[in-house]
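Overview (structure and organization)
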Amino acid sequence: MMRGFLLCSLLLLLAPHWTEVVAQEGEPEPKTPCANWMGGAPGYPGHNGLPGRDGKDGKDGLKGEKGEEGMQGPKGDPGEAGIPGKEGPRGFPGYQGQKGEKGEGAFIYRSAFSVGLTDRAPHPNVPIRFTKIYYNEQKHYDATTGKFFCTIPGTYYFTYHLTVYLTDVKVSLYKKDRAVMFTYDQFQKNNVDQASGSILLHLNSGDEVWLQVYGEGDNNGIYADNVNDSTFMGFLLYPDMDGH
């Protein structure tokens, strides 16, 4: 009995070596006499092994259903201006607009006169008084003084046509007490002659323009009767818009 116990103990000590040999050779562990009546003590759990390598990616799954619409984001910055497009087709005529307010009439800037001589041989070195009125609607020419008075600043045109008879004529056109134009005509005996002149002048409000005989002696041959006229006229071409 004692001998059998010792034999079994010896076999237990040698069992790991035999197990390693059998595992290497791939043969099944042989049955021992002790295995039939007595099992070995359980071993301790082994340590966790190292993690394995990542496996290959799986196949793509089926497309999911469309999600719900998200909230509207903030307004983005304006983009760059695009290239202008082609001109579109012409539209239909629009409706007639409302009548505008009445504008300033051109009559506000009217200034003109046309006068003639009634007395022959006017006095020299003083304004010639043309008392025959052809046109003086704005009353800018004063027949009592023979002067045109400017009330609208602007550019004016002046002209005169004088009948010359019996003697020579020297006449000048004045602006603000200064002669700006001279005309001389030498009389031819047994004939009626003409002296004329014209000029453009810029006038300011308050300026005066007139004609007068200048010099002394026989230089006052301006003449007028029922068949011969001596005339003086002027009118505004355009006003200074800065002052109106």
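So, here is what we can say about the structure in this document. This one's a predicted model, so the numbers in the text were calculated from it and none came from an experiment.

What to know about the pattern of salt bridges
By the definition in use, this model includes three salt bridges. The shortest N-O distance in the salt bridge between Lys-132 and Asp-229 comes to 3.4 Å. Note that Lys-132 is positioned in strand β2 (residues 132-135) and Asp-229 in the loop between β9 (220-223) and β10 (231-239), a separation of 97 residues in sequence. With a closest N to O distance of 3.6 Å, Lys-147 and Glu-208 form a salt bridge. Placement of the pair is Lys-147 in strand β4 (residues 147-149) and Glu-208 in strand β8 (residues 208-213), with a sequence separation of 61 residues. For Glu-208, a relative accessible area of 29% translates into the label partly exposed.

A few points about the nonpolar core
Soluble globular proteins tend to bury their nonpolar side chains together. Of all hydrophobic cores here, the largest spans 31 residues; its most connected members are Phe-130, Phe-158, Leu-173 and Phe-232. At the level of elements, β1 (112-116), β5 (154-175), β7 (193-203), β8 and β10 are the ones that each hand at least two residues to this core. Considering every element that reaches this core, the biggest residue donor is β5, with eight residues. Aside from chain neighbours lying at most four places away, what touches Phe-158 is Phe-113, Phe-148, Leu-173, Gly-197, Ser-198, Ile-199, Leu-201, Leu-203, Val-209, Phe-232, Met-233 and Gly-234.

Quick look at unusual backbone geometry
We note that Lys-139 has phi near 60°; this positive angle belongs to a residue other than glycine. Relative to the elements of secondary structure, Lys-139 occurs in the loop between β2 and β3 (141-142). Classification of Lys-139 as exposed rests on a relative accessible area of 66%. For Asp-177, which is not a glycine, the phi torsion comes out positive at approximately 65°. Take Asp-177: it is sitting in the loop between β5 and β6 (178-185).

A closer look at the packing of aromatic side chains
Counted by the stated rule, this structure contains 14 aromatic pairs. When the centroid spacing of 5.7 Å and the interplanar angle of 40° are considered together, the rings of Phe-130 and Phe-232 count as tilted. With Phe-130 in the loop between β1 and β2 and Phe-232 in strand β10, this pair connects stretches of sequence that are 102 residues apart. For the pair formed by Phe-130 and Phe-232, the shared burial category is buried. Over the face of the ring belonging to Trp-210 we find Lys-147, whose NZ or CZ atom lies 4.4 Å from the ring centre.

Concerning the environment of Phe-187
Mapped onto the fold, Phe-187 is located in the loop between β6 and β7. Here Phe-187 falls in the buried class, since its relative accessible area comes to 15%. Placed 20 residues apart in sequence, Phe-187 and Thr-167 show a C-alpha to C-alpha distance of 5.3 Å. Once you skip the residues sitting within four places of it in the chain, Phe-187 turns out to touch Val-164, Tyr-165, Leu-166, Thr-167 and Asp-168.

Parameters and conventions
Sequence order as written defines residue numbering, which begins from 1 separately in each chain. Under the rules for a predicted model, residues below a pLDDT of 70 receive no local features and side-chain atom pairs below 80 are neither given nor counted, while totals for whole chains, interfaces and linings still include all residues. Only hydrogens and water are set aside when side-chain values are computed; all heavy atoms of the structure are taken into account. Any Lys or Arg side-chain nitrogen found within 4 Å of a carboxyl oxygen on Asp or Glu counts as a salt bridge. Secondary structure elements are taken from DSSP: a helix is a run of H or I of four residues or more, a strand is a run of E of two residues or more, and numbering for both begins at the N terminus. A simple rule labels every residue: compare its accessible area, found with a 1.4 Å probe on the protein chains alone, to the largest value its type can have, and call it buried under 20%, exposed over 50%, or partly exposed in between. Side-chain atoms within 4.5 Å link the members of a nonpolar core, which is a set of buried Ala, Val, Leu, Ile, Met, Phe, Trp, Tyr and Cys residues. Residue contacts are counted whenever heavy atoms from the two residues lie within 4.5 Å of one another. The criterion for an aromatic pair is that two Phe, Tyr or Trp rings (for Trp, the six-membered ring) have centres within 6.5 Å, with stacked assigned to planes under 30 degrees apart, edge-to-face to planes over 60 apart and tilted to the rest. Charge-over-ring contacts are defined here by two conditions on Lys NZ or Arg CZ: a distance within 6 Å of the ring centre and an angle within 35 degrees of the ring normal.

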